[in-house]
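A look at the structure
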Amino acid sequence: MTSAADLLADPYFPRLKALVIHVTGMAFYADKDADLALIVADRMDHCAIESCAAYLERLQGDGEEMDSLVAELTIGETYFFRHKEQFDALREIILPDILARNASSRRLRIWSAGCATGPEPYTLAILLKREFGAQMLGWHVSILGTDINQKFLARARDGRYDQWAFRATPDNIRHDCFIPVGKQWQIKPEYKAMVSFQYHNLTRNRFPSITDNIAGFDIIICRNVVIYFSHETVEALVPCFRESLTDGGWLVMGHAEPNMELFRSFRTVNCPGAVLYQRVDGDVPEAPPPSPRPPPRPPGPATRPAKSSPKPKPPVRPSAAPAKTAPVAVAASQPLSEVRSLADQGKWDDALRACDAVLSGDALNWRPHYLRALILDQMGDKEACEAALRRAIYLDRRAALPHYHLGLFLQRAEETEAARRSFRNVLTLLEHQPDDMLVDEGEDLDAGQLRETVGMHMKLIGM
Ligand SMILES: C[S@@+](CC[C@H](N)C(=O)[O-])C[C@H]1O[C@@H](n2cnc3c(N)ncnc32)[C@H](O)[C@@H]1O
(Lines give C-alpha, C1' and ligand atoms only; values in the text may rest on other atoms or scores of the structure.)
Protein backbone atom coordinates (compact mmCIF):
# COMPACT_ATOMS: atom_id res chain seq x y z
CA MET A 1 0.00 0.00 0.00
CA THR A 2 1.40 3.39 -1.00
CA SER A 3 1.15 6.21 1.48
CA ALA A 4 0.70 9.88 0.58
CA ALA A 5 4.16 10.51 2.04
CA ASP A 6 5.70 7.89 -0.29
CA LEU A 7 3.96 9.51 -3.22
CA LEU A 8 5.20 12.97 -2.37
CA ALA A 9 8.76 11.65 -2.46
CA ASP A 10 8.23 9.73 -5.70
CA PRO A 11 10.07 11.21 -8.72
CA TYR A 12 7.01 10.47 -10.91
CA PHE A 13 4.66 12.47 -8.71
CA PRO A 14 5.30 15.84 -10.44
CA ARG A 15 4.46 14.20 -13.79
CA LEU A 16 1.29 12.78 -12.40
CA LYS A 17 0.33 16.17 -10.98
CA ALA A 18 1.05 17.85 -14.33
CA LEU A 19 -1.17 15.31 -16.09
CA VAL A 20 -4.02 15.88 -13.64
CA ILE A 21 -3.84 19.66 -14.08
CA HIS A 22 -3.59 19.28 -17.83
CA VAL A 23 -6.63 17.03 -18.06
CA THR A 24 -8.90 18.88 -15.64
CA GLY A 25 -7.62 22.45 -15.95
CA MET A 26 -7.63 22.51 -12.15
CA ALA A 27 -4.55 24.62 -11.49
CA PHE A 28 -5.97 24.64 -7.99
CA TYR A 29 -3.84 21.54 -7.36
CA ALA A 30 -0.59 23.24 -8.38
CA ASP A 31 0.26 24.00 -4.77
CA LYS A 32 -1.79 21.30 -3.07
CA ASP A 33 0.59 18.34 -3.27
CA ALA A 34 -0.46 16.88 0.05
CA ASP A 35 -4.17 16.92 -0.83
CA LEU A 36 -3.50 15.49 -4.26
CA ALA A 37 -1.22 12.75 -2.89
CA LEU A 38 -3.89 11.62 -0.42
CA ILE A 39 -6.48 11.27 -3.17
CA VAL A 40 -4.09 9.55 -5.58
CA ALA A 41 -2.81 7.15 -2.91
CA ASP A 42 -6.39 6.16 -2.23
CA ARG A 43 -7.06 5.45 -5.93
CA MET A 44 -3.80 3.50 -6.23
CA ASP A 45 -4.81 1.43 -3.26
CA HIS A 46 -8.17 0.78 -4.88
CA CYS A 47 -6.46 -0.37 -8.10
CA ALA A 48 -3.85 -2.37 -6.15
CA ILE A 49 -1.09 -0.41 -7.86
CA GLU A 50 2.02 0.25 -5.81
CA SER A 51 4.20 2.52 -7.88
CA CYS A 52 3.45 6.03 -9.09
CA ALA A 53 4.98 5.23 -12.48
CA ALA A 54 2.60 2.27 -12.94
CA TYR A 55 -0.39 4.37 -11.91
CA LEU A 56 0.65 7.12 -14.30
CA GLU A 57 0.76 4.55 -17.06
CA ARG A 58 -2.69 3.31 -16.09
CA LEU A 59 -4.08 6.83 -16.16
CA GLN A 60 -2.67 7.49 -19.60
CA GLY A 61 -4.10 4.33 -21.04
CA ASP A 62 -7.37 4.02 -19.20
CA GLY A 63 -10.03 6.69 -19.46
CA GLU A 64 -12.12 5.01 -16.83
CA GLU A 65 -9.46 5.28 -14.17
CA MET A 66 -8.92 8.90 -15.12
CA ASP A 67 -12.66 9.47 -14.66
CA SER A 68 -12.55 7.78 -11.27
CA LEU A 69 -9.65 9.95 -10.20
CA VAL A 70 -11.35 13.09 -11.53
CA ALA A 71 -14.47 12.12 -9.60
CA GLU A 72 -12.43 12.32 -6.41
CA LEU A 73 -10.55 15.49 -7.33
CA THR A 74 -13.40 17.77 -8.33
CA ILE A 75 -15.30 19.85 -5.82
CA GLY A 76 -19.04 19.65 -6.29
CA GLU A 77 -20.45 22.09 -3.76
CA THR A 78 -23.83 23.16 -5.14
CA TYR A 79 -27.45 23.70 -4.10
CA PHE A 80 -30.79 24.84 -5.49
CA PHE A 81 -31.27 28.60 -5.92
CA ARG A 82 -27.63 29.24 -5.06
CA HIS A 83 -27.09 33.00 -5.06
CA LYS A 84 -30.63 34.18 -5.46
CA GLU A 85 -29.48 37.49 -6.96
CA GLN A 86 -28.35 35.73 -10.10
CA PHE A 87 -31.70 34.02 -10.53
CA ASP A 88 -33.39 37.38 -9.93
CA ALA A 89 -31.26 38.79 -12.75
CA LEU A 90 -32.26 35.89 -14.99
CA ARG A 91 -35.91 36.47 -14.18
CA GLU A 92 -35.88 40.22 -14.49
CA ILE A 93 -33.36 40.93 -17.24
CA ILE A 94 -32.18 37.95 -19.22
CA LEU A 95 -35.33 35.91 -19.72
CA PRO A 96 -37.59 38.83 -20.70
CA ASP A 97 -34.91 39.91 -23.17
CA ILE A 98 -34.69 36.46 -24.73
CA LEU A 99 -38.45 36.00 -24.74
CA ALA A 100 -38.73 39.11 -26.87
CA ARG A 101 -35.68 38.31 -29.00
CA ASN A 102 -36.72 34.73 -29.79
CA ALA A 103 -40.45 35.42 -30.11
CA SER A 104 -40.50 34.25 -33.71
CA SER A 105 -38.25 31.18 -33.38
CA ARG A 106 -39.79 30.21 -30.01
CA ARG A 107 -36.63 28.39 -29.01
CA LEU A 108 -34.53 28.68 -25.90
CA ARG A 109 -31.24 26.94 -25.30
CA ILE A 110 -29.45 27.09 -21.97
CA TRP A 111 -26.13 25.56 -20.93
CA SER A 112 -25.13 25.02 -17.32
CA ALA A 113 -21.40 24.38 -17.65
CA GLY A 114 -19.91 22.61 -14.63
CA CYS A 115 -23.34 21.67 -13.26
CA ALA A 116 -22.08 19.20 -10.62
CA THR A 117 -25.00 17.10 -9.32
CA GLY A 118 -27.60 19.22 -11.12
CA PRO A 119 -29.27 21.74 -8.79
CA GLU A 120 -28.25 24.64 -11.04
CA PRO A 121 -29.90 23.45 -14.29
CA TYR A 122 -32.91 22.13 -12.37
CA THR A 123 -33.30 25.51 -10.66
CA LEU A 124 -33.41 27.03 -14.14
CA ALA A 125 -36.08 24.55 -15.20
CA ILE A 126 -38.15 25.37 -12.11
CA LEU A 127 -37.78 29.10 -12.68
CA LEU A 128 -38.76 28.83 -16.33
CA LYS A 129 -41.75 26.58 -15.86
CA ARG A 130 -43.18 28.26 -12.81
CA GLU A 131 -42.66 31.84 -13.86
CA PHE A 132 -42.60 31.84 -17.63
CA GLY A 133 -44.63 28.70 -18.36
CA ALA A 134 -47.68 30.53 -19.62
CA GLN A 135 -45.73 32.85 -21.92
CA MET A 136 -43.63 30.00 -23.23
CA LEU A 137 -46.36 27.58 -24.20
CA GLY A 138 -45.30 25.89 -27.43
CA TRP A 139 -41.66 26.94 -27.04
CA HIS A 140 -38.85 24.50 -27.54
CA VAL A 141 -36.78 24.77 -24.39
CA SER A 142 -33.62 22.82 -23.75
CA ILE A 143 -31.38 23.03 -20.72
CA LEU A 144 -28.10 21.20 -20.91
CA GLY A 145 -26.00 20.41 -17.85
CA THR A 146 -22.40 19.35 -18.40
CA ASP A 147 -19.61 18.34 -16.09
CA ILE A 148 -16.30 16.54 -16.05
CA ASN A 149 -17.30 14.37 -13.10
CA GLN A 150 -19.21 11.29 -14.23
CA LYS A 151 -20.37 10.45 -10.72
CA PHE A 152 -21.90 13.89 -10.34
CA LEU A 153 -23.59 13.52 -13.71
CA ALA A 154 -25.08 10.19 -12.65
CA ARG A 155 -26.51 11.80 -9.52
CA ALA A 156 -27.79 14.74 -11.58
CA ARG A 157 -29.63 12.38 -13.90
CA ASP A 158 -31.05 10.58 -10.90
CA GLY A 159 -32.42 13.89 -9.63
CA ARG A 160 -32.69 12.91 -5.96
CA TYR A 161 -31.40 15.24 -3.27
CA ASP A 162 -30.86 15.47 0.47
CA GLN A 163 -32.43 18.19 2.53
CA TRP A 164 -29.15 20.17 2.54
CA ALA A 165 -29.44 20.86 -1.18
CA PHE A 166 -32.54 22.93 -0.39
CA ARG A 167 -30.94 25.26 2.11
CA ALA A 168 -31.74 28.26 -0.09
CA THR A 169 -35.02 26.99 -1.50
CA PRO A 170 -38.38 28.17 -0.24
CA ASP A 171 -40.39 25.30 1.25
CA ASN A 172 -43.30 25.82 -1.15
CA ILE A 173 -41.01 25.31 -4.15
CA ARG A 174 -39.55 22.15 -2.66
CA HIS A 175 -43.02 20.78 -1.99
CA ASP A 176 -44.38 21.77 -5.41
CA CYS A 177 -41.46 20.59 -7.54
CA PHE A 178 -40.17 17.51 -5.68
CA ILE A 179 -41.57 14.26 -4.38
CA PRO A 180 -40.39 13.02 -0.98
CA VAL A 181 -38.61 9.67 -1.20
CA GLY A 182 -37.54 8.54 2.26
CA LYS A 183 -35.31 11.29 3.56
CA GLN A 184 -34.64 12.60 0.07
CA TRP A 185 -36.50 14.61 -2.54
CA GLN A 186 -36.96 13.55 -6.16
CA ILE A 187 -37.36 16.21 -8.85
CA LYS A 188 -40.78 15.92 -10.54
CA PRO A 189 -40.78 14.49 -14.08
CA GLU A 190 -42.01 17.70 -15.72
CA TYR A 191 -38.88 19.54 -14.56
CA LYS A 192 -36.59 16.59 -15.10
CA ALA A 193 -37.72 16.35 -18.71
CA MET A 194 -36.53 19.86 -19.42
CA VAL A 195 -32.91 19.09 -18.54
CA SER A 196 -30.34 16.79 -20.10
CA PHE A 197 -26.86 16.03 -18.87
CA GLN A 198 -23.68 15.19 -20.68
CA TYR A 199 -20.01 14.89 -19.97
CA HIS A 200 -17.98 17.83 -21.18
CA ASN A 201 -14.52 18.90 -20.18
CA LEU A 202 -14.26 22.64 -20.53
CA THR A 203 -10.51 22.61 -20.83
CA ARG A 204 -10.11 19.65 -23.15
CA ASN A 205 -13.20 19.49 -25.36
CA ARG A 206 -13.02 22.18 -27.97
CA PHE A 207 -16.13 24.34 -28.17
CA PRO A 208 -18.31 25.60 -29.72
CA SER A 209 -18.91 22.26 -31.34
CA ILE A 210 -22.18 21.50 -32.99
CA THR A 211 -21.21 17.84 -32.97
CA ASP A 212 -20.84 17.97 -29.22
CA ASN A 213 -24.15 19.80 -28.80
CA ILE A 214 -22.24 22.75 -27.37
CA ALA A 215 -23.24 25.70 -29.55
CA GLY A 216 -25.88 28.33 -30.17
CA PHE A 217 -26.93 28.94 -26.59
CA ASP A 218 -29.09 31.85 -25.53
CA ILE A 219 -27.75 31.58 -22.00
CA ILE A 220 -24.60 30.03 -20.59
CA ILE A 221 -24.30 29.78 -16.85
CA CYS A 222 -20.90 28.79 -15.54
CA ARG A 223 -20.61 29.49 -11.86
CA ASN A 224 -17.97 28.46 -9.36
CA VAL A 225 -16.10 26.39 -11.93
CA VAL A 226 -13.36 28.53 -13.44
CA ILE A 227 -12.22 29.67 -9.99
CA TYR A 228 -10.23 26.43 -9.90
CA PHE A 229 -8.52 27.19 -13.23
CA SER A 230 -5.46 29.28 -13.98
CA HIS A 231 -5.87 32.79 -15.30
CA GLU A 232 -4.52 31.67 -18.69
CA THR A 233 -7.04 28.86 -18.89
CA VAL A 234 -9.93 31.18 -18.13
CA GLU A 235 -8.61 33.71 -20.61
CA ALA A 236 -8.64 31.02 -23.30
CA LEU A 237 -12.15 29.91 -22.36
CA VAL A 238 -13.81 33.33 -22.56
CA PRO A 239 -13.85 33.52 -26.40
CA CYS A 240 -15.13 29.93 -26.53
CA PHE A 241 -18.06 30.89 -24.32
CA ARG A 242 -18.66 33.95 -26.45
CA GLU A 243 -18.66 31.96 -29.67
CA SER A 244 -21.02 29.41 -28.16
CA LEU A 245 -23.66 32.08 -27.61
CA THR A 246 -26.11 33.40 -30.13
CA ASP A 247 -25.83 37.08 -30.99
CA GLY A 248 -27.44 38.81 -28.01
CA GLY A 249 -26.97 35.71 -25.79
CA TRP A 250 -25.99 35.99 -22.14
CA LEU A 251 -23.18 34.60 -20.01
CA VAL A 252 -23.60 34.33 -16.24
CA MET A 253 -20.45 33.66 -14.27
CA GLY A 254 -20.16 33.01 -10.52
CA HIS A 255 -20.73 35.45 -7.77
CA ALA A 256 -17.11 34.97 -6.72
CA GLU A 257 -15.64 35.66 -10.15
CA PRO A 258 -15.73 39.40 -10.47
CA ASN A 259 -12.70 39.78 -12.72
CA MET A 260 -14.65 41.59 -15.40
CA GLU A 261 -11.51 42.58 -17.22
CA LEU A 262 -11.50 39.16 -18.83
CA PHE A 263 -14.96 39.70 -20.23
CA ARG A 264 -14.26 42.90 -22.09
CA SER A 265 -15.52 41.42 -25.34
CA PHE A 266 -19.01 41.33 -23.82
CA ARG A 267 -21.43 44.05 -22.93
CA THR A 268 -21.49 44.16 -19.14
CA VAL A 269 -24.69 44.64 -17.22
CA ASN A 270 -24.30 45.17 -13.49
CA CYS A 271 -27.30 44.47 -11.36
CA PRO A 272 -27.71 43.96 -7.63
CA GLY A 273 -25.56 41.00 -6.63
CA ALA A 274 -24.82 39.86 -10.19
CA VAL A 275 -22.77 40.83 -13.19
CA LEU A 276 -24.10 39.71 -16.56
CA TYR A 277 -22.26 39.52 -19.85
CA GLN A 278 -24.04 39.82 -23.17
CA ARG A 279 -22.63 38.93 -26.54
CA VAL A 280 -23.26 41.85 -28.84
CA ASP A 281 -22.19 41.49 -32.46
CA GLY A 282 -24.21 44.04 -34.33
CA ASP A 283 -27.11 46.23 -33.38
CA VAL A 284 -28.50 44.32 -30.45
CA PRO A 285 -31.48 46.02 -28.83
CA GLU A 286 -30.75 47.09 -25.28
CA ALA A 287 -31.93 44.78 -22.53
CA PRO A 288 -34.40 46.32 -20.12
CA PRO A 289 -32.46 48.20 -17.45
CA PRO A 290 -32.11 46.62 -14.02
CA SER A 291 -34.87 47.54 -11.58
CA PRO A 292 -34.32 51.03 -10.21
CA ARG A 293 -32.15 51.19 -7.15
CA PRO A 294 -33.99 51.66 -3.89
CA PRO A 295 -33.32 54.89 -2.01
CA PRO A 296 -30.27 54.95 0.20
CA ARG A 297 -30.73 53.70 3.75
CA PRO A 298 -30.25 56.22 6.53
CA PRO A 299 -27.15 55.61 8.63
CA GLY A 300 -27.49 52.83 11.18
CA PRO A 301 -27.12 49.05 11.31
CA ALA A 302 -28.45 47.49 8.15
CA THR A 303 -30.00 44.07 8.01
CA ARG A 304 -31.95 42.36 5.28
CA PRO A 305 -35.64 42.80 6.08
CA ALA A 306 -37.77 39.80 7.04
CA LYS A 307 -34.85 37.45 7.45
CA SER A 308 -33.95 36.79 11.01
CA SER A 309 -32.58 33.30 11.62
CA PRO A 310 -28.88 33.38 10.89
CA LYS A 311 -28.30 29.62 10.34
CA PRO A 312 -28.99 27.79 8.12
CA LYS A 313 -29.19 30.51 5.51
CA PRO A 314 -32.74 31.77 5.21
CA PRO A 315 -34.58 30.52 2.14
CA VAL A 316 -35.04 32.78 -0.83
CA ARG A 317 -38.36 34.53 -0.96
CA PRO A 318 -41.09 32.73 -2.89
CA SER A 319 -40.77 33.58 -6.53
CA ALA A 320 -44.00 35.54 -6.62
CA ALA A 321 -42.66 37.94 -4.01
CA PRO A 322 -41.65 41.39 -5.19
CA ALA A 323 -38.05 42.09 -6.12
CA LYS A 324 -35.65 42.78 -3.32
CA THR A 325 -36.26 45.99 -1.48
CA ALA A 326 -33.13 45.95 0.58
CA PRO A 327 -31.23 49.19 0.63
CA VAL A 328 -28.11 49.76 -1.42
CA ALA A 329 -25.69 50.79 1.24
CA VAL A 330 -25.37 52.50 4.50
CA ALA A 331 -25.07 56.25 4.06
CA ALA A 332 -24.70 56.16 0.28
CA SER A 333 -24.81 59.73 -0.92
CA GLN A 334 -26.67 60.90 -4.00
CA PRO A 335 -23.50 61.69 -6.00
CA LEU A 336 -22.15 58.24 -5.16
CA SER A 337 -25.28 56.58 -6.52
CA GLU A 338 -24.67 58.50 -9.71
CA VAL A 339 -21.14 57.12 -9.85
CA ARG A 340 -22.52 53.63 -9.38
CA SER A 341 -25.15 54.14 -12.01
CA LEU A 342 -22.55 55.27 -14.57
CA ALA A 343 -20.34 52.32 -13.65
CA ASP A 344 -23.30 49.96 -13.95
CA GLN A 345 -23.73 51.04 -17.55
CA GLY A 346 -20.06 50.44 -18.23
CA LYS A 347 -19.38 54.15 -18.76
CA TRP A 348 -16.03 53.88 -17.05
CA ASP A 349 -14.56 57.25 -18.02
CA ASP A 350 -17.66 59.13 -16.95
CA ALA A 351 -17.87 57.09 -13.75
CA LEU A 352 -14.27 57.87 -12.89
CA ARG A 353 -14.79 61.59 -13.54
CA ALA A 354 -17.92 61.60 -11.38
CA CYS A 355 -16.08 59.71 -8.65
CA ASP A 356 -13.20 62.16 -8.71
CA ALA A 357 -15.69 65.00 -8.41
CA VAL A 358 -17.16 63.36 -5.29
CA LEU A 359 -13.70 62.85 -3.88
CA SER A 360 -12.72 66.46 -4.38
CA GLY A 361 -15.32 67.39 -1.76
CA ASP A 362 -15.18 64.25 0.38
CA ALA A 363 -11.63 62.97 0.28
CA LEU A 364 -11.71 61.30 3.70
CA ASN A 365 -14.67 59.06 2.95
CA TRP A 366 -13.60 55.47 2.17
CA ARG A 367 -16.59 54.78 -0.09
CA PRO A 368 -15.65 56.88 -3.13
CA HIS A 369 -12.10 55.51 -2.89
CA TYR A 370 -13.48 51.99 -2.89
CA LEU A 371 -15.79 52.66 -5.83
CA ARG A 372 -12.93 54.35 -7.64
CA ALA A 373 -10.86 51.19 -7.15
CA LEU A 374 -13.58 49.06 -8.75
CA ILE A 375 -13.82 51.43 -11.71
CA LEU A 376 -10.04 51.49 -12.14
CA ASP A 377 -10.04 47.70 -12.04
CA GLN A 378 -12.44 47.73 -14.98
CA MET A 379 -10.25 50.18 -16.79
CA GLY A 380 -7.27 47.90 -16.31
CA ASP A 381 -5.27 50.33 -14.15
CA LYS A 382 -4.04 47.81 -11.62
CA GLU A 383 -1.63 50.03 -9.74
CA ALA A 384 -4.17 52.79 -9.21
CA CYS A 385 -6.79 50.20 -8.27
CA GLU A 386 -4.59 48.76 -5.53
CA ALA A 387 -3.68 52.23 -4.27
CA ALA A 388 -7.36 53.22 -4.09
CA LEU A 389 -8.23 50.04 -2.19
CA ARG A 390 -5.43 50.62 0.30
CA ARG A 391 -6.53 54.21 0.76
CA ALA A 392 -10.11 53.09 1.45
CA ILE A 393 -8.78 50.65 4.06
CA TYR A 394 -6.56 53.33 5.58
CA LEU A 395 -9.59 55.59 5.94
CA ASP A 396 -11.74 52.92 7.58
CA ARG A 397 -10.20 49.60 8.56
CA ARG A 398 -13.63 48.27 9.55
CA ALA A 399 -15.04 48.42 6.02
CA ALA A 400 -15.06 44.79 4.87
CA LEU A 401 -15.36 45.18 1.10
CA PRO A 402 -12.09 47.01 0.43
CA HIS A 403 -10.30 44.17 2.31
CA TYR A 404 -12.18 41.62 0.23
CA HIS A 405 -11.37 43.26 -3.09
CA LEU A 406 -7.77 43.75 -2.05
CA GLY A 407 -7.72 40.02 -1.29
CA LEU A 408 -9.06 39.26 -4.79
CA PHE A 409 -6.56 41.66 -6.28
CA LEU A 410 -3.64 40.04 -4.43
CA GLN A 411 -4.93 36.57 -5.26
CA ARG A 412 -4.86 37.48 -8.94
CA ALA A 413 -1.37 38.91 -8.49
CA GLU A 414 -0.43 35.57 -6.88
CA GLU A 415 0.54 37.29 -3.65
CA THR A 416 -1.00 34.45 -1.73
CA GLU A 417 0.12 35.23 1.79
CA ALA A 418 -1.01 38.85 1.51
CA ALA A 419 -4.30 37.76 -0.07
CA ARG A 420 -4.86 35.34 2.79
CA ARG A 421 -4.31 38.16 5.28
CA SER A 422 -6.88 40.34 3.51
CA PHE A 423 -9.43 37.54 3.46
CA ARG A 424 -8.79 36.85 7.15
CA ASN A 425 -9.40 40.52 7.85
CA VAL A 426 -12.80 40.21 6.20
CA LEU A 427 -13.69 37.19 8.32
CA THR A 428 -12.57 38.96 11.48
CA LEU A 429 -14.63 42.01 10.60
CA LEU A 430 -17.69 39.85 9.96
CA GLU A 431 -17.15 37.70 13.03
CA HIS A 432 -20.01 39.02 15.13
CA GLN A 433 -22.33 39.95 12.32
CA PRO A 434 -25.44 37.87 11.69
CA ASP A 435 -25.68 36.24 8.28
CA ASP A 436 -28.39 38.60 7.09
CA MET A 437 -26.58 41.82 8.00
CA LEU A 438 -26.05 43.82 4.82
CA VAL A 439 -22.47 44.64 4.00
CA ASP A 440 -21.75 48.35 3.72
CA GLU A 441 -21.46 49.37 0.04
CA GLY A 442 -22.27 45.78 -0.92
CA GLU A 443 -25.66 46.57 -2.44
CA ASP A 444 -27.60 43.41 -1.59
CA LEU A 445 -24.63 41.39 -0.38
CA ASP A 446 -25.02 40.15 3.17
CA ALA A 447 -22.47 39.00 5.72
CA GLY A 448 -23.36 35.33 5.24
CA GLN A 449 -22.75 35.49 1.49
CA LEU A 450 -19.52 37.37 1.88
CA ARG A 451 -18.30 34.86 4.48
CA GLU A 452 -19.12 31.98 2.11
CA THR A 453 -17.37 33.63 -0.82
CA VAL A 454 -14.29 34.47 1.21
CA GLY A 455 -14.24 30.92 2.58
CA MET A 456 -14.24 29.58 -0.98
CA HIS A 457 -11.31 31.79 -1.93
CA MET A 458 -9.40 30.81 1.20
CA LYS A 459 -9.91 27.16 0.39
CA LEU A 460 -8.60 27.86 -3.08
CA ILE A 461 -5.40 29.49 -1.94
CA GLY A 462 -5.07 27.32 1.16
CA MET A 463 -6.09 28.58 4.60
C1 LIG B 1 -18.31 23.94 -7.27
S2 LIG B 1 -19.06 23.05 -8.55
C3 LIG B 1 -20.17 24.24 -9.22
C4 LIG B 1 -21.54 23.72 -9.42
C5 LIG B 1 -22.57 24.75 -9.90
N6 LIG B 1 -22.16 25.38 -11.11
C7 LIG B 1 -22.86 25.77 -8.83
O8 LIG B 1 -22.33 26.87 -8.86
O9 LIG B 1 -23.60 25.45 -7.91
C10 LIG B 1 -17.77 22.97 -9.77
C11 LIG B 1 -18.01 21.92 -10.83
O12 LIG B 1 -17.09 22.14 -11.90
C13 LIG B 1 -16.75 20.89 -12.43
N14 LIG B 1 -15.50 20.98 -13.22
C15 LIG B 1 -14.24 21.12 -12.76
N16 LIG B 1 -13.37 21.11 -13.78
C17 LIG B 1 -14.11 21.00 -14.92
C18 LIG B 1 -13.80 20.94 -16.31
N19 LIG B 1 -12.53 20.99 -16.72
N20 LIG B 1 -14.80 20.82 -17.18
C21 LIG B 1 -16.09 20.75 -16.76
N22 LIG B 1 -16.45 20.80 -15.46
C23 LIG B 1 -15.47 20.92 -14.56
C24 LIG B 1 -16.62 20.02 -11.19
O25 LIG B 1 -16.70 18.64 -11.47
C26 LIG B 1 -17.77 20.51 -10.33
O27 LIG B 1 -18.91 19.74 -10.52
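Residues numbered from 1 in each chain as written. Predicted model: local features only at pLDDT ≥ 70, side-chain atom pairs only at ≥ 80, totals over all residues. Heavy atoms only, no water.

On to the overall build of the protein chain. Of the regular secondary structure elements, the protein chain holds 18 helices and 10 strands. Burial analysis of the protein chain (463 residues in total) assigns 54% to the buried set. Considering only intrachain contacts with a sequence separation of at least 6, the fraction spanning at least 24 residues in the protein chain is 73%. For the protein chain, the exposed surface amounts to about 20400 Å²; the carbon and sulfur share of it is 54%. (Helix = DSSP H or I, 4+ residues; strand = E, 2+ residues; numbered from the N terminus. Buried < 20%, exposed > 50% of the residue type's maximum accessible area, 1.4 Å probe, protein only. Contact = heavy atoms within 4.5 Å. Areas by Shrake-Rupley, 256 points an atom, 1.4 Å probe, with all protein chains shown as cover.)

What follows is about the packing of helix α3 (residues 33-47) against helix α4 (residues 52-61). In the contact formed by α3 and α4, the axes pass within 11 Å of each other and the chain directions differ by 80 degrees. Classified by the angle between their axes, α3 and α4 sit roughly perpendicular to one another. Here α3 contributes Val40, Arg43, Met44 and Cys47 to the contact with α4, which in turn contributes Cys52, Tyr55 and Arg58. Taken together, the residues of the contact of α3 with α4 break down into five nonpolar, no polar and two charged. (Axes fitted to C-alpha atoms, helices over the stretch in contact; angles between N-to-C directions. Parallel < 35°, antiparallel > 145°, perpendicular 65-115°, else oblique. Nonpolar A, V, L, I, M, F, W, Y, C, P; charged D, E, K, R; others polar.)

This part is about the packing of α3 against helix α5 (residues 63-73). It is the contact of α3 with α5, at a shortest axis distance of 10 Å, that shows an interaxial angle of 140 degrees. With respect to α5, the element α3 is oriented oblique. As for the relative orientation of α3 and α5, their crossing is right-handed in sense. Residues Leu36, Ile39, Val40, Arg43 and Cys47 of α3 form the contact with α5, whose participating residues are Glu65, Ser68, Leu69, Glu72 and Leu73. Residue composition of the contact of α3 with α5, grouped by class: six nonpolar, one polar and three charged. (Left-handed = near helix turned anticlockwise from the far one by under 90°.)

The final tally for this structure, using the stated rule, is 19 aromatic pairs. In this structure, Arg242 packs its charged tip against the face of Phe266, placed 6.0 Å from the ring centre. (Phe/Tyr/Trp six-rings, centres within 6.5 Å; stacked < 30°, edge-to-face > 60°. Lys NZ or Arg CZ within 6 Å of the ring centre and 35° of its normal.)

Side chains that carry opposite charge are capable of pairing whenever their charged atoms lie near each other. Per the stated rule, a full pass over the model turns up 24 salt bridges. In this structure, Lys84 engages Asp88 in a salt bridge whose closest nitrogen and oxygen atoms are separated by 2.8 Å. Taken together, the positions of Lys84 and Asp88, both in helix α6 (residues 84-101) and four residues apart, correspond to about one turn of that helix. As far as burial versus exposure is concerned, Lys84 and Asp88 are alike and both buried. A salt bridge links Arg279 to Asp281, with the nearest nitrogen and oxygen atoms 2.9 Å apart. For Arg279, a relative accessible area of 11% corresponds to the buried category. Taken together, the shared-partner salt bridges in this structure form one network comprising Lys84, Asp88, Arg91 and Glu131. (Salt bridge = Lys/Arg side-chain N within 4 Å of Asp/Glu carboxyl O.)

Another point: the site of the ligand. Close to the ligand lie 21 residues, the nearest being Thr24, Thr78, Gly114, Asp147 and Asn224. Within the contact set of the ligand, a nitrogen atom lies 2.9 Å away from a side-chain nitrogen or oxygen of Asn201. Protein burial of the ligand: of its 600 Å² of free accessible surface, 100% is covered by the chains. Grouping the amino acids of the shell around the ligand by side-chain chemistry returns seven nonpolar, nine polar and five charged. (Near = heavy atom within 4 Å. Polar contact = N/O pair within 3.5 Å; in protein donor to acceptor, adjacent residues only side chain to side chain.)

Quick look at unusual backbone geometry now. For the peptide bond that leads from Phe207 to Pro208, omega is 5 degrees, which places it in the cis range. For Pro208, the position within the fold is in the loop between β6 (195-199) and β7 (217-222). A positive phi angle, near 55 degrees, is found at Ala116, a position not held by glycine. Checked against the element boundaries, Ala116 lands in the loop between β1 (107-113) and α7 (119-132).

A word on the sheet that holds strand β3 (residues 160-161). Pairing in this open sheet of three strands is antiparallel, and the strands run β3-β5-β4 from one edge to the other. This sheet does not close on itself; its edge strands, each paired only once, are β3 and β4 (178-181). Of the strand pairs in this sheet, β3 and strand β5 (residues 184-187) are connected by two bridges, and their pairing is antiparallel. If you follow Tyr161 over to β5, its bridge partner there is Trp185. (Pairing = 2+ DSSP bridges.)

Grouped together as the largest cluster of nonpolar side chains are 55 residues, with contacts concentrated most on Tyr55, Trp111, Leu202, Phe229, Phe241 and Leu251. Looking at this core element by element, the count peaks at seven residues for α3. Taken together, domain 1 (4-73) and domain 2 (84-278) each give at least three residues to this core, which thus spans both. Residue contacts for Trp111: discarding those within four places in its chain leaves Leu144, Thr146, His200, Leu202, Phe207, Ile214, Phe217, Ile219, Ile220, Ile221 and Phe241. (Core = buried A, V, L, I, M, F, W, Y, C linked by side-chain atoms within 4.5 Å. Domains from an automatic or database assignment.)

Here the focus is the pairing of β5. Residues in a regular strand point their side chains to alternate faces of the sheet. Note that β4 and β5 share four bridges and pair antiparallel. Each residue of the ladder has a partner; that of Val181, found in β5, is Gln184. Linkage of β4 to β5, two consecutive antiparallel strands, is achieved through a turn of two residues, within which Gly182 is found at a positive phi near 60 degrees.

The subject of this paragraph is the confidence of the model for the protein chain. Averaged over the protein chain, the pLDDT score is 85; the fraction of residues at 70 or greater is 87%. Here residues 291-301 scores under 50 on pLDDT; set against residues more than four positions off or in separate chains, the count is 21 contacts. The low-confidence segment residues 305-332, where pLDDT is below 50, has 69 contacts with residues more than four positions distant or belonging to other chains. (pLDDT = per-residue confidence, 0-100.)

On to the sheet that holds β7, then. Taken together, the seven strands give an open sheet; going across it, the order is β6-β2-β1-β7-β8-β10-β9, and neighbouring strands pair in mixed fashion. Only two strands of the sheet have a single neighbouring strand rather than two, namely β6 and β9 (267-271). Going across the sheet, the axis of each strand differs from the next one's by a mean of 20 degrees, ignoring polarity. Alignment of strand β8 (residues 245-253) against strand β10 (residues 274-278), held across three bridges, turns out to be antiparallel. The residue bridging Val252 from the neighbouring strand is Leu276, located in β10. Sitting on the sheet, α7 is in contact with β1, β2 (140-147), β6 and β7, with an inclination near 165 degrees to β2.

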